[in-house]
Structure formats: C-alpha cells, structure tokens
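Chains, contacts and geometry: an overview
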Amino acid sequence: MVMHIRTNGNLMNSGISRRSILAAIPATAVLAACGGPDAGGLGEESFSSDSGSGNVIDHSAWDALLQEYTSEGPEGVNLVDYARLKNEALDALAGYLGALQTVSIENFGRDEQFAFWVNLYNAATVDVIVQNLPLDSIRDIGLLGSGPWKDDAVTVAGRALSLDNIEHDILRPEWQDVRIHYAVNCASIGCPNLARTAYTGEKLEDMLEQASKSFVNHPRGFGGNPDALIASNIFEWYQEDWGSEQDVLAHARQYAEGPTAALLEEAQAISEYAYDWSLNAA
C-alpha cells in the first residue's frame, strides 16, 4: 500500500541570547537557503509500507555516535563535537549510513519508517558537516548560502535522495505531522535539538512529544514579551503546516510551561521571527 501516515501534530519555543541571528535576511532568501516547503523533487512518487510488519531497524550505531559526540550546551542547545567525530568515528558514521541505504524500507511499518527517515536525515546532515569542516555555518556549504539541502545525499530503494527530498517529499507530505520540524536537525543553533539518542519506532511518540515540549519551552522558539513576541523562523517558513499564525500559537500553548506559558497566554500575535544559523558545534 502507499503510505499516507498521520499522527498528532505539535510545535516549539522562544528567545535566548542569540549569536548571529539572520532575522534581517528576507524570508524568501532564507527559505531558499534551508530548503523550502516545495524544495523537493519526487512529486507524487511515494515509498510503500507494510502496516502489519513487526520488523525493527537497528539504529544502535547511530545511537552510540549520538551519545558519544553530542552534549548539552550551557544554553540548553545540544551540541555536536564534529571535529572529534571526524577524527575518531568517520568509519562508524559511514558504516551506519551505508547500512541504512541497504534497508528495504517498504518492509517496515509506519513508526519504523518515520524513525528511519529522521535518523537518515540527521546522520546525513552530520556527515555533510564533517566532510566540509571547518565551518561556521551549514550555509557556508554551496554557493551564496545555498547549503547542501538540494545535493544528492543518500540512495534508498535505488533512488538518489537529497535532504530536501527526505524532508519535503517524504516526511512532511506522507506524515503531515508538524513535529517533524522538531525531529530533523539542520546543524544550527536555531534549530530544534538534535536528539542525543536515535529515534526508534518503539520510542517515536514519546520522543516527538519530548522534542516538542523542549523546543516550545526554550527561547529559540518564542521570546520577547507579549506585546512584541519573537518566534523561530521555522514557524514562518512552514506556517502552512500549522495552518495560520493563530494555529501556531494555539499549538505551542499545548506544550508551554512556566514563563513560556505566561508569555504565550498573553500574546495575541507574532511580531517578528528570528533564527541563528551558527553551527551547533561543541
């Protein structure tokens, strides 16, 4: 069957001390740089799935890499020691990516597939960073801040796929779950955290909920004050996934706690958007 998978959608949080937020760049320019909602190239094609399958994909190698080379930074942002990973574990990363590309993904169920695509996206992103060090930002790759998102990154089921293909042609249209934006990581401070453990089908729902709650209650998602609310550019770039600005706010309120809950309770609109493209390097 063709997979058209839907789960509960969710979103993010607020305004920390930002290093190099590129809020002044026009939204269209930034969207082109990070791959926009229509940036993919698979059209109506889709991978199939086996809804009755109990098969499990082994992500233990990726889990080990995440636990060894990621750490929580002082501002609550998960950081990656890209330089040490490059020196110590390139073969392990290449081996994991190679193994994933041999998986017959159509033989797995929905949650396993979701975890597969998220882990593949994140591991491929880490790989492109270590292959291009030294970097200050992922947008230093490519011409004029274009980044690596449109370049072929992996091959699955005989199809060459870019990072944009994975996110915009597979994950977003097939699952239609806004929590995807919390799960995939673009190697930037402004992005929701790269999870420090691998996604798995068994843990999928809990991990997506935790990722949503974490970002909603962090200043990268929402900051400022009720009369001048600052939100992550993710909410602007992909607003259509939520529906409207008010839908973004309503969704975020479901996860907000403490100061963030108070901020969002009083805020009536988003005044501006911001994003820090600095590399999430330890």
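Described below are features of the structure shown in this document. (Residues numbered from 1 in each chain as written. Predicted model: local features only at pLDDT ≥ 70, side-chain atom pairs only at ≥ 80, totals over all residues. Heavy atoms only, no water.)

Points about the overall build of the protein chain
Secondary structure summary: the protein chain contains 12 helices and seven strands in total. For the protein chain, the proportion of its 282 residues judged to be buried stands at 53%. Considering only contacts in the protein chain between residues 6 or more positions apart, those separated by 24 or more positions represent 78%. Accessible surface, the protein chain as shown: approximately 11800 Å² in total, 47% of it carbon and sulfur. (Helix = DSSP H or I, 4+ residues; strand = E, 2+ residues; numbered from the N terminus. Buried < 20%, exposed > 50% of the residue type's maximum accessible area, 1.4 Å probe, protein only. Contact = heavy atoms within 4.5 Å. Areas by Shrake-Rupley, 256 points an atom, 1.4 Å probe, with all protein chains shown as cover.)

Some points on the environment of leucine 66
With respect to the secondary-structure elements, leucine 66 resides in helix H2 (residues 60–69). Look at leucine 66 and you get buried, because its relative accessible area is 2%. Residue contacts for leucine 66: discarding those within four places in its chain leaves Leu194, Ala195, Arg196, Thr197 and Ala198.

With respect to the packing of aromatic side chains
In total, this model carries 10 aromatic pairs according to the counting rule given. Ring centres of tryptophan 62 and tyrosine 96 lie 5.9 Å apart, and the angle between their planes is 10°; on these two criteria the pair is classed as stacked. Taken as a pair, tryptophan 62 in helix H2 and tyrosine 96 in helix H4 (residues 90–100) lie far apart in primary sequence, 34 residues in all. Judged by its relative accessible area of 4%, tyrosine 96 falls in the buried class. Ring pairing ties together the aromatic residues Trp149, Trp237, Tyr275 and Trp277, which thus form one cluster. One cation-aromatic arrangement involves arginine 139 over tryptophan 277; the distance from NZ or CZ to the ring centre is 5.3 Å. (Phe/Tyr/Trp six-rings, centres within 6.5 Å; stacked < 30°, edge-to-face > 60°. Lys NZ or Arg CZ within 6 Å of the ring centre and 35° of its normal.)

Concerning the sheet that holds strand S5 (residues 222–225)
Sheet architecture is open: three strands sit in the order S5-S6-S7, paired in mixed fashion. Each edge of the sheet is formed by a strand with only one pairing partner; in this case those strands are S5 and strand S7 (272–274). Geometrically, the sheet is characterised by an average inter-axis angle of 25° between neighbouring strands, direction not taken into account. Looking at chain direction, S5 and strand S6 (residues 228–232) are connected through four bridges and run antiparallel. Looking at S6, one finds that glycine 223 is bridged to isoleucine 230. (Pairing = 2+ DSSP bridges. Axes fitted to C-alpha atoms, helices over the stretch in contact; angles between N-to-C directions.)

Looking at the environment of arginine 253
Structurally, the position occupied by arginine 253 is in helix H11 (residues 245–253). Sequence separation between arginine 253 and glutamate 265 is 12 residues; the distance between their C-alpha atoms is 7.3 Å. With residues near it in sequence (within four places) discarded, arginine 253 still touches Leu264, Glu265 and Ala267.

Describing helix H8 (residues 204–216)
With 13 residues, H8 should reach 18 Å at 1.5 Å per residue; the first-to-last C-alpha distance of 18 Å fits that figure. Along H8, the positions that sit buried rather than exposed are Leu204, Met207, Leu208, Ala211, Ser212, Phe215 and Val216. Each buried residue of H8 lies within a common arc of 160° when the element is viewed along its axis, so the set occupies one face. On its buried face, H8 sits against helix H5 (110–131), helix H7 (180–183), S5, S6, H11 and helix H12 (258–266). (Expected span 1.5 Å × (residues − 1). Arc of directions from axis to C-beta.)

With respect to the pairing of strand S4 (residues 159–162)
Pairing of strand S3 (residues 152–156) with S4 involves four bridges; the strand directions are antiparallel. Paired with valine 156 across the strands is arginine 159, a residue of S4. Hairpin connection of S3 to S4: two residues between the antiparallel strands, including alanine 157 at a positive phi of 55°.

A short note on the pairing of S6
Within S6, four of the five residues are buried, which leaves the element mostly enclosed by the surrounding structure. Here three bridges tie S6 to S7, and the two strands are oriented parallel to one another. Following the sheet pairing, serine 232 is matched in S7 by alanine 274.

Thoughts on the packing of H5 against helix H6 (residues 163–175)
Their axes nearest at 10 Å, the elements H5 and H6 cross at an angle of 155°. The angle between the axes of H5 and H6 places the two elements in the roughly antiparallel class. Our pair here, H5 against H6, has a crossing hand that is left-handed. Two secondary-structure elements touch here, H5 through Arg110, Gln113, Phe114, Trp117, Val118, Leu120, Tyr121, Ala124 and Thr125 and H6 through Leu163, Ile166, Glu167, Ile170, Leu171 and Trp175. Partitioning the contact of H5 with H6 into residue classes produces 11 nonpolar, two polar and two charged. (Parallel < 35°, antiparallel > 145°, perpendicular 65-115°, else oblique. Left-handed = near helix turned anticlockwise from the far one by under 90°. Nonpolar A, V, L, I, M, F, W, Y, C, P; charged D, E, K, R; others polar.)

Regarding the pattern of salt bridges
Summed over all chains, the structure comprises nine salt bridges. Measuring nitrogen to oxygen at the nearest pair gives 3.0 Å for the salt bridge that ties glutamate 88 to arginine 84. One end of the pair is glutamate 88 and the other is arginine 84, both in helix H3 (residues 82–88) and four residues apart, which spans about a single turn. A salt bridge links aspartate 177 to arginine 179, with the shortest nitrogen-to-oxygen separation between them at 2.9 Å. (Salt bridge = Lys/Arg side-chain N within 4 Å of Asp/Glu carboxyl O.)

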